[in-house]
Every structure is written in C-alpha cells, then in structure tokens.
Amino acid sequence: MNYSKRAPRLRRDKIRGTHAILGMDMVSFSTLSDDDQLRAIEALIHWVKSALAFHGLTEKDYCWSPAGDGGYITFDDKEACSKAIDVAFSIFEKLKNPGFQPQVGDRLLIRMSLHAGIVQEGNELGRERNIWGAGINETARIVNVSSPSQLLVSKQYFDLYIKGKREHDFCIGKSYHRTVKHGANVEIMNFNKGSLCISNQQAKLRRWEGIGSIWYQTIQEYTYLVYDAMNSNAPVAALAAAKFLLALNDEKEARELCDVISQSNDKAHAHYKACNHRLFSQMPSDVLFNVLQHAKPRMFSASSGNKIIFKLGEPSNSCFFPISGKMLLKIPGYDEPIFPKDIIGEFNLWLPKIKRTATFEVVNDGLLLEIQNDEFLKAIEGRSDVKQVIYGIIKGRIIENVLKSNILFPGKDFPGKILSKVASCKKIQPGKKLDLRSHVHIIFLGELIIEPRPNMKLKIIANGELDSVEVIGIISDLDPPDGDSAEVLSESVIISIPHQDIKLLQDSSRLIRRSWNGLCGERLGEIKRHQN
C-alpha cells in the first residue's frame, strides 16, 4: 500500500465519534536526570513526527495530546485510523537506533496501547485543541497494563481495522481480559511485527507479572505513607499504614516504626523524624509491635449506612484509634467531634464492667484501628507503667466528659480549663470514707451511703452513664444537705473538686449558681421523702 499518493486535505472538522487513539509512555522516565528528561521528550516528539510523516499523515490527520512523559495521538478519518498501527511500529523502529542515550542508565524504552473509542475534540487552556472522552481514558488505562517494549491493541481497534483485512501483516497474540481503573474491563491482545516489540511468548510470560508488581508497589506506597505520616507528626496514621504492611507480610518497616515511636529508641529513621504519642511512646518497642499485631483496620462508610461504630449502652469490649474521616462521639447532652488523635472506647480497660457511655459514629468515610480490650491488656501484661498512662488518659476523659455536663455547669463558658487543674478522678474501694466538708464528689460509677440527718442513711447510686451522674457534698446558697462524710459500698469511680473552686464558679455565673441551688433542692426533697 503506497500511502504517499493520498491527496492532502486543506482542513478538517473537529474530531468527534469513534476514532483510533495511540497512547505511549516512557519507561522509568522519573529516574532520568532533569536534562535527560527534556532530551527524552524532545526525542519522543521527533520520533512521533517522523513516523506520522512516513505514513503520509499531516497535522490535519490527527490531534496530539501530551501527557507528562508520553502522550496520545487521536487519528481523524477512517484511513488515518487504519494507519495508527503502522505509526506505532514505526515509532518502535525508531527506538532501534534512537539517536539518544541517557547519561546514566540503559537505553530509553516505551510502552504503547492502541484503542478505538468515543472521543470529542474541544478547546484546551493555553492550547488550541485537545481530546476528551472515554476513548482516550481507556487508552491510558491500557497503557498502564502494558509492559516495556509492548504494544497492546484493544479488541475494539482489532475488530474495526485489522480483522478480515490485515491479520497476516502482524504477529497477534490471543486476546485476554484485564480489569483497569474504576473496574472497567478491557479485552486486549499483544501485537508484534518482526522483532520490533516483545513476542507473544514474552507477552504471555509477562501477562500476570502485575500480580507481583502490584504487591510490591502497594508495599512501597504504604512505606511512603509511613514516612509521610511520621514527618507530619501523625504517629497513629503511620501505625495504620504499618498495619497494612504487616498484612502484606512486610514486618521490617513496622518494627522499625515501633522502634522510633517507642521511648526506648529516640533515634530518627533514615526517612522520617521521631515524633511522640502520649500512649504509644510510653510502650517498649516490642510491646507496641505486639499491640499493632493485634489491631484490626476498620473501614466505615456513612453513605452505605455503615456509620455506627458502637451505640450507647452496648457492651464495651474494644477500643478504637481514629485515622481518617469526620467522626462524632454522641455523649448524652452534646456531640463531640473526634479527630485522628484520640483513643475512643477505652474506659473498659480500667473499668471492666462498664458499658458504652456514648454513641460513636462516622459522618463520612472513615478508617480506624480497633483492638479488643482483652488482647490490649494481654499485650501490656506486666507493664504497670504503660497501664498507668492508659489509666491517666481514661481518668482525664471521664473528668472532661463530666465537666461538660449541662446540668452541673450550664452556660456557654466551659469551665473545664479551670476545674481540670483541680479535679481528680479516682477509683475508691469499699469501706473508704469521703470527706464532704471540703470537697464535692461527683459519682460516675458506684454505690455510696450518706448520712444527711442523724440516724438517717441515704444510698446514692451511679451506673456509669454520663447523663445520670450523682453529686454528694453539694454546696449552694443553702446549707450543705449531705452531712459530713460518705461511705463507699462498692468499687466506685469518683471525681472530686474542692468546695472553694465550685464556689468561685457559682459566684461568676448565675446559671451555675441556679443549677447548684436546684441540685440542693432536689437532695432536700429526697431527704424529706426518706423521712416520711
């Protein structure tokens, strides 16, 4: 076929409809030096122009769409589309004697795909025209599954321009299926001519190398996420990435991360800096690694209805470390936004019998690490120092949640900053006595007896729910109603605040004063009913 006799056209209409698209990509382009990258692009453009001209195609017969280290040629009419396969092999032929050699490394290699799909020509920012549509997107996806020195041709192009016309011009492999981006399925086949590209046998041997290369690439990407998270002072996110590395059977990076986060090793990793976590940095490296092994990634999607992580009142048997996504802890009386920094659901580690004190849900798609409490406790068994850190976090959370009570401390101004410095949270054993003359005691969990009147005993019970805490040692504008002391009947969790600090808040806020006067009135009512 003598292509040079084709009569040239003076102009063409905009490309629209089903057309042939030839995509190409340079292999290992990012490893080249800056100078070599520029020279490589110049060489590729020269090869493409020469191949097009050799087959009698001018700028009126195609549209070139550059794409980083490669690009796409969309061919115009039927005759130009049929020549696309010949243009591809002419470019590969140029690579036999490229006239360009990188300063470092092997000779330049490219990979290609040829497809026929629906496209549309439109205006481009800073350029006259470009090509859009499913056809060029599909071509790009086929390029991504092509190997170095390989030309993959789609079944669509084969059926339109090769089948029944030119099968004997090429060495064509059997078609096979690949699922590409967004689950799109493509049917493709290897094409070769002479020894310009890889043979069908070579293509067959390489066909499923993606199974291994995707595994390797995934490991590499998770490793980089570990680096990025640590350099961004997000150690929990780094641990989540390391957890996925463990699932991919790559233990080395996970152990190194635990070494850096742990207080037992303060040396930074070669690729990231050390950063501190209030809990994990207190764990020896082997203990932290053990915790990481037991953790399980949990994906949540609000759009699919899978947004409730746990509900108020459910058994509390695990805790969570948020990684990404917007989340809410719905505590009775208010919602608290949760960000990727806290431990959630940890009360059970200190209070084995307690149930969930809030509802925890995701607002949008989220990722958490979950660890069963019994496995967590087993991992830190014998580490009293680590347990004390965990208990301190839990106590601080209980104090924070109780101080946000709208019943005890109503108003816009949250008194947490004032009271958190003077409030204490303790677990009190049965038989102990509490002084009611100097402190207010907020009972989060447990049973106590007070003696508000001589020979009168009143039982106070709190069940670990934040909307039903009990207060003893009440002070208000009225006389203290609860007597001088209280006896603990069962193991109890109690937040204690000096009277003087409660009095300061009452003096500064009429709402708080009224609230405590109301608490006192309710207690006096209980006492009166008990007397009757």
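Residues numbered from 1 in each chain as written. Predicted model: local features only at pLDDT ≥ 70, side-chain atom pairs only at ≥ 80, totals over all residues. Heavy atoms only, no water.

(A) Representation of the nonpolar core within the structure. Ranked by internal contacts, the top residues of the largest apolar core, which has 88 residues, are Phe376 and Ile398. Ranked by residue count, the leading element in this core is helix 11 (residues 384-403), at nine residues. Discounting residues that sit within four places of it in the chain, Phe376 has contacts with Leu279, Met283, Val291, Cys319, Phe321, Ile343, Leu349, Ile371 and Ile390. Membership of the second largest hydrophobic core comes to 44 residues, among which are Ala43, Ile91, Tyr161 and Cys197. (Core = buried A, V, L, I, M, F, W, Y, C linked by side-chain atoms within 4.5 Å. Buried < 20%, exposed > 50% of the residue type's maximum accessible area, 1.4 Å probe, protein only. Helix = DSSP H or I, 4+ residues; strand = E, 2+ residues; numbered from the N terminus. Contact = heavy atoms within 4.5 Å.)

(B) Inspection of the sheet that holds strand 10 (residues 296-300) at higher detail. Strand order across the open sheet formed by three strands is 10-16-12, with antiparallel pairing between neighbours. With one partner strand each, in any of the chains shown, strand 10 and strand 12 (318-324) form the two edges of the open sheet. Taking the axes of each pair of neighbouring strands and ignoring which way they run, one obtains an average angle of 30° across the sheet. Where strand 12 lies against strand 16 (residues 366-372), six bridges are found, and the strand directions are antiparallel. Across the sheet, the residue bridging to Ser318 is Gln372, located in strand 16. Its contacts with the sheet place helix 7 (residues 235-247) against strand 10, strand 12 and strand 16, and it is angled at close to 100° to strand 12. (Pairing = 2+ DSSP bridges. Axes fitted to C-alpha atoms, helices over the stretch in contact; angles between N-to-C directions.)

(C) Structural detail: the packing of aromatic side chains. Following the criterion strictly, the structure yields 15 aromatic pairs and no others. For the pair Tyr176 and Trp208, a centre-to-centre distance of 6.0 Å together with 70° between the ring planes defines the contact as edge-to-face. With Tyr176 in strand 8 (residues 176-179) and Trp208 in the loop between helix 5 (200-206) and helix 6 (210-231), this residue pair connects regions lying 32 residues apart in the sequence. Among the residues examined, Tyr176 registers a relative accessible area of 9% and is labelled buried. For Trp208, a relative accessible area of 47% translates into the label partly exposed. Arranged with centres 6.4 Å apart and planes meeting at 45°, the rings of Phe321 and Phe376 form a pair that is tilted. With Phe321 in strand 12 and Phe376 in helix 10 (residues 373-379), this residue pair connects regions lying 55 residues apart in the sequence. (Phe/Tyr/Trp six-rings, centres within 6.5 Å; stacked < 30°, edge-to-face > 60°.)

(D) The arrangement of the pattern of salt bridges in detail. Under the counting rule described, the total for this entry stands at 22 salt bridges. The partner of Asp169 in a salt bridge is Arg166, with the nearest N and O atoms 2.9 Å apart. Residue classification places Arg166 among the buried positions, given a relative accessible area of 16%. Asp507 serves as the salt-bridge partner of Arg513, at 2.8 Å between the closest nitrogen and oxygen. (Salt bridge = Lys/Arg side-chain N within 4 Å of Asp/Glu carboxyl O.)

(E) Broad picture of the environment of Asp374. Within the secondary structure layout, Asp374 lies in helix 10. Looking at Asp374, the relative accessible area reads 56%, which means it is exposed. Considered as a pair, Asp374 and Lys311 are 63 residues apart in the sequence and their alpha carbons are 20 Å apart.

(F) Summary view of the packing of helix 7 against helix 8 (residues 252-261). One way to put it is that helix 7 packs onto helix 8 with a least axis distance of 9 Å and a crossing angle of 155°. As summarised for this structure, helix 7 and helix 8 are arranged roughly antiparallel, according to the angle between their axes. As for how helix 7 packs across helix 8, the hand of that crossing is left-handed. Residues Pro235, Ala238, Leu239, Ala242, Leu245 and Leu246 of helix 7 touch helix 8, and the partners they reach there are Glu253, Ala254, Leu257, Cys258 and Ile261. Its residues assigned to classes, the contact of helix 7 with helix 8 comprises 10 nonpolar, no polar and one charged. (Parallel < 35°, antiparallel > 145°, perpendicular 65-115°, else oblique. Left-handed = near helix turned anticlockwise from the far one by under 90°. Nonpolar A, V, L, I, M, F, W, Y, C, P; charged D, E, K, R; others polar.)

(G) Representation of the sheet that holds strand 15 (residues 359-362) within the structure. Read across the open sheet, the four strands follow the order 11-15-13-14; overall the sheet is antiparallel. Bordering the open sheet on either side are strand 11 (308-310) and strand 14 (334-338), each of which pairs with just one other strand. In this sheet, adjacent strand axes meet at a mean angle of 25° when their direction is disregarded. As paired strands, strand 11 and strand 15 are joined by two bridges and run antiparallel to one another. Opposite Phe310, over in strand 15, you have Phe360 as the bridge partner.

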